Amino acid sequence: MDVHLIRWVLDAHKLSYVLQVIDNGDHACEVFDQLAQQEHLRSPTILLLDLNLPQRDGTEILRHIKAIPQGAAIRVVIVTSSADPRDRAETLALGADGSFVKPFHLTPFMQLGDLIKDVAFGHAAEG
């Protein structure tokens, strides 16, 4: 469901994208390990990272990503159901560029598009 909503937000904000969905923490770490080992692999423009993933949580994945040579250049937005301010503070301290708490209704979910524009492209949505 989250992937469907994220695609909906990206399309509604007219953002062109190639969305690679990684559904567990171990696979995420493998993908970023490959990135670290191969110079010709292109880093993602932005990473939308959920804190609640199977096998490894998002905080562990964030630490892993920021430890690789390319990690500092990867912009990360935490997309989570956790409204706990400690989670936000911890992930921002670890190098996340933004945090978005998944709302219960569709309309507020559109604000994710503004955050993506701001983090990935350095400007908020106009209007």
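Residues numbered from 1 in each chain as written. Predicted model: local features only at pLDDT ≥ 70, side-chain atom pairs only at ≥ 80, totals over all residues. Heavy atoms only, no water.

Here we take up the overall build of the protein chain. Helix and strand counts for the protein chain stand at six helices and three strands. When the helices and strands of the protein chain are placed in sequence order, the string is α-α-β-α-β-α-β-α-α. Relative to the globule expectation of 14 Å for 127 residues, the C-alpha radius of gyration of the protein chain, 14 Å, shows essentially globular dimensions. Across its three principal axes, the protein chain shows a C-alpha extent of roughly 40 × 30 × 25 Å. Taken over 127 residues, the protein chain has a buried fraction of 36%. A total accessible area of about 7,700 Å² is found for the protein chain, and carbon and sulfur atoms account for 52% of it. Between the averaged position of the 11 positive side-chain charges in the protein chain and that of its 17 negative side-chain charges there is a distance of 4 Å. (Helix = DSSP H or I, 4+ residues; strand = E, 2+ residues; numbered from the N terminus. Rg over C-alpha atoms; globule rule 2.2 N^0.38 Å. Buried < 20%, exposed > 50% of the residue type's maximum accessible area, 1.4 Å probe, protein only. Areas by Shrake-Rupley, 256 points an atom, 1.4 Å probe, with all protein chains shown as cover. Lys, Arg positive; Asp, Glu negative; His and termini not counted. Charge placed at Lys NZ, Arg CZ, Asp CG, Glu CD.)

Turning to the environment of Pro 108, a few remarks are in order. You can see Pro 108 is positioned in helix 5 (residues 106–109). For the pair Pro 108 and Gln 34, spaced 74 residues apart in the sequence, the C-alpha separation amounts to 35 Å. Not counting chain neighbours up to four residues away, the residues in contact with Pro 108 comprise Phe 100 and Pro 103. (Contact = heavy atoms within 4.5 Å.)

Two side chains carrying opposite charge are able to pair once their charged atoms lie near each other. What the rule picks out here adds up to six salt bridges. Of the charged contacts, one joins Arg 56 and Glu 60 as a salt bridge, the two residues approaching to 3.9 Å between their closest N and O atoms. You can call Glu 60 partly exposed: its relative accessible area is 36%. Connected through salt bridges with shared partners, the residues Asp 2, Asp 50 and Lys 102 form a single ionic network. (Salt bridge = Lys/Arg side-chain N within 4 Å of Asp/Glu carboxyl O.)

All right, on to the packing of aromatic side chains then. Across all of its chains, the model carries one aromatic pair by this definition. Judged by centre distance (5.6 Å) and plane angle (70 degrees), the rings of Phe 100 and Phe 109 are edge-to-face. Just as Phe 100 is buried, Phe 109 falls in that class too. (Phe/Tyr/Trp six-rings, centres within 6.5 Å; stacked < 30°, edge-to-face > 60°.)

Right, let's get into helix 2 (residues 25–37). Under the 1.5 Å per step criterion, the end-to-end length of helix 2 is 19 Å for 13 residues, consistent within 8% with the ideal 18 Å. Taken together, the buried positions of helix 2 are occupied by Gly 25, Ala 28, Cys 29, Val 31, Phe 32 and Leu 35. Across the axial projection of helix 2, the buried residues extend over an arc of 160 degrees, all falling on one side. Backbone nitrogen of Asp 26 and a side-chain oxygen of the N-cap are separated by 3.2 Å at the start of helix 2; the cap is Asn 24. (Expected span 1.5 Å × (residues − 1). Arc of directions from axis to C-beta. Polar contact = N/O pair within 3.5 Å; in protein donor to acceptor, adjacent residues only side chain to side chain.)

Of note, His 13 is situated in the loop between helix 1 (2–12) and helix 2. On the accessibility criterion, His 13 (14% relative accessible area) is buried. In terms of polar contacts, His 13 uses its side chain to reach the side chain of Lys 117, at 3.4 Å. In contact with His 13, not counting residues within four places along its chain, are Met 110, Gly 113, Asp 114 and Lys 117.

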